[in-house]
Amino acid sequence: LWMQEMSGPGAQATAPRPLTRFTDGRVLWPTLSRDGRTLVFERGFGVWKLDTVSGGAAEVPITLEGAPAGPGFEHLDLTSDFSQTAVSPDGKKVAFLAHGDVFAAPAKEGGTAARLTETAGPESQLAWAPDSRRLVYVADRDGDNAGDGGRLFLYDFATNKETRLTDGPADTPRFSPDGKLLAFQRKSRALYVLDLATGKERQLVQALLDEPPLGSERPYEWSPDSRWIAFVSFGDRLFRNVQVVPAAGGTPRPVSFVANLGGDYVTWSPDGKFLLFVTGQRTENSQIARIDLQPRTPKFPEDQFRDLFQPEPPAKTDADPKDVAAKKPSPAPAPATQKTEIDFDGIRRRLAFLPTGLDAGQAVISPDGKWLVLTATVGTQSNLYAWSLDELAKEPPVPKQLTSTPG
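What this report covers is the structure whose coordinates are included nearby. (Residues numbered from 1 in each chain as written. Predicted model: local features only at pLDDT ≥ 70, side-chain atom pairs only at ≥ 80, totals over all residues. Heavy atoms only, no water.)

1. Overview of the overall build of the chain
- Across its full length, the chain carries 2 helices and 30 strands.
- Across the 407 residues of the chain, 36% fall into the buried class.
- About 26100 Å² of surface is accessible on the chain, with carbon and sulfur atoms providing 53% of the total. (Helix = DSSP H or I, 4+ residues; strand = E, 2+ residues; numbered from the N terminus. Buried < 20%, exposed > 50% of the residue type's maximum accessible area, 1.4 Å probe, protein only. Areas by Shrake-Rupley, 256 points an atom, 1.4 Å probe, with all protein chains shown as cover.)

Right, dumping it as structure tokens:
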């Protein structure tokens, strides 16, 4: 604050002199008393008072009468403005965004949602851990990001605590299937891997990638055995193709070679034998391309007949109900994950397009690997469709429309 004094009408003003000498913060809305001895102003969201004679300034203590001793509870009934949902791998929970904050609720109807965040900055890009007990999201906090993107935070439902995972900008987080690693992008220029046990991150590959909200929400995907990552990047002449890189580190290698400017939503099959991704040109319908990672062996109906001669497991015998109740059930063993092998020799010739006849958008494979669910536009309407991936089906696959809505 500065002051300039006038000695009288028509007289020249004296040189202005500083009243405050703060080195940080802003000073706003100065108001001078009638006698000119006291000046009040706003600084740091507080009210300050300055004695113009002595030059002393101090914040005015303000105590709110009847203020609550602790934070209160607010119950909201939200029915709209949801921007994203994510179902947990066990199918029992669902996380979603509402008004920029993260909520979680039971997947069944009638459940009450729990609020996980309550911050001034928005959260986005939800990702569940394979154990369905942890949730990662991108958040902008306290203006400390300086416009360079959000940071990754992890919410642990066992402890109901939030942990910050990255200090630098990060987006599009995805857990490895074994839950040990977390992959993420940084500024659309590099793909990183974070070791959740040690908290150390390392750059996996440097490439020109895409990111939300304007770009892809799934520009890369883990292999089922957590040994590989497939990603879509911009290459020569901005053609977008799929490359794979070992999660342990190494040189990325291309697995698709199409001259298309569009490429998105890479998806790894549950058995690790093939990749799907959406590709196309701006003026043409987008198609779904399949890349077989090994030379493909056709399946025939005769194989089903041969399976009938395989020995059957021993039948269960009737047991005393008391013995069954007393016996503690042993946990079911985790299914063994098949090792993903890639034969790069001749992989250029192992790309084929699924004959869906649709302008494909997003695409995802069902956990059993038998169905592909995709968004597609027909005319002016976009809906969900299903496409069979079962090679032993009796009828050739045709797109099955799942929804019919104006949205």
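2. Considerations on the pairing of strand β15 (residues 171-175)
- The element β15 is largely enclosed, with a buried count of 4 among its 5 residues.
- Counted along the chain from β15 to the antiparallel partner strand β16 (residues 181-186), the turn is 5 residues long, and its residue G179 has a positive phi close to 75 degrees. (Pairing = 2+ DSSP bridges.)

3. Focus: a nonpolar patch on the surface
- On the surface, a nonpolar cluster with roughly 370 Å² of combined accessible area is contributed by V40, V47, I62 and L64.
- Tracing the sequence through the fold places L64 in the loop between β6 (57-59) and β7 (82-87).
- In this structure L64 comes out as exposed when scored by relative accessible area, which is 64%. (Patch = residues over 30% accessible without salt bridge, like charges linked within 9 Å, V, L, I, M, F, W, Y side chains within 5 Å. Salt bridge = Lys/Arg side-chain N within 4 Å of Asp/Glu carboxyl O.)

4. Remarks on the nonpolar core
- The biggest cluster of nonpolar side chains holds 17 residues, and the ones touching the most others in it are V242, V244, V255, W268, L275, I291 and I342.
- Taken together, the elements giving at least two residues each to this core come down to β20 (228-234), β21 (240-246), β23 (262-268), β24 (274-280) and β25 (287-292).
- With 3 residues, β20 is the largest single contributor of residues to this core.
- Of all hydrophobic cores here, the second largest spans 16 residues; its members include L276, V278, I365 and A376. (Core = buried A, V, L, I, M, F, W, Y, C linked by side-chain atoms within 4.5 Å.)

5. Some remarks on the sheet that holds β21
- Strand order in the open sheet made by the 4 strands is β19-β20-β21-β22, with antiparallel pairing throughout. Single-partner strands in this sheet number two, and they are β19 (220-222) and β22 (253-254).
- Here β19 pairs with β20 via 3 bridges, running antiparallel. Bridging across to β20, E221 finds its partner in A230.

6. Regarding the pattern of salt bridges
- Per the stated rule, a full pass over the model turns up 12 salt bridges.
- Residue D225 is joined to R227 by a salt bridge in which the shortest nitrogen-to-oxygen separation is 3.4 Å.
- Given a relative accessible area of 33%, R227 falls into the partly exposed group.
- Close ionic contact of E391 with R296 constitutes a salt bridge, the shortest N to O distance being 3.6 Å. Of this pair, E391 sits in the loop between β29 (381-388) and β30 (400-401) while R296 sits in the loop between β25 and α1 (301-307), and the two are 95 residues apart along the sequence.
- We classify E391 as partly exposed; its relative accessible area is 34%.
- The exposure class of R296 is partly exposed, given its relative accessible area of 44%.
- A network of salt bridges, in which partner residues are shared, links R290, D292, R296 and E391.

7. Thoughts on the packing of aromatic side chains
- Considering all chains together, one arrives at 9 aromatic pairs under this definition.
- By the ring-pair criterion, three or more aromatic residues cluster together here, those being F22, F41 and W48.
- Above the plane of the ring of F344 lies R253, whose end atom (NZ or CZ) is 4.0 Å from the centre.
- Note that R290 overlies the ring of F274, its terminal NZ or CZ placed 3.9 Å from the centroid. (Phe/Tyr/Trp six-rings, centres within 6.5 Å; stacked < 30°, edge-to-face > 60°. Lys NZ or Arg CZ within 6 Å of the ring centre and 35° of its normal.)

8. Observations concerning the side chain of T279
- Note on placement: T279 falls in strand β24.
- Residue T279 is classed as buried on the basis of its relative accessible area of 2%.
- Within the structure, the side chain of T279 is placed 2.8 Å from the side chain of N260, a separation counted as a polar contact.
- Contacts of T279, omitting those with residues within four sequence positions, involve V258, N260, G262, G263, S286, Q287, A289 and F353. (Polar contact = N/O pair within 3.5 Å; in protein donor to acceptor, adjacent residues only side chain to side chain. Contact = heavy atoms within 4.5 Å.)

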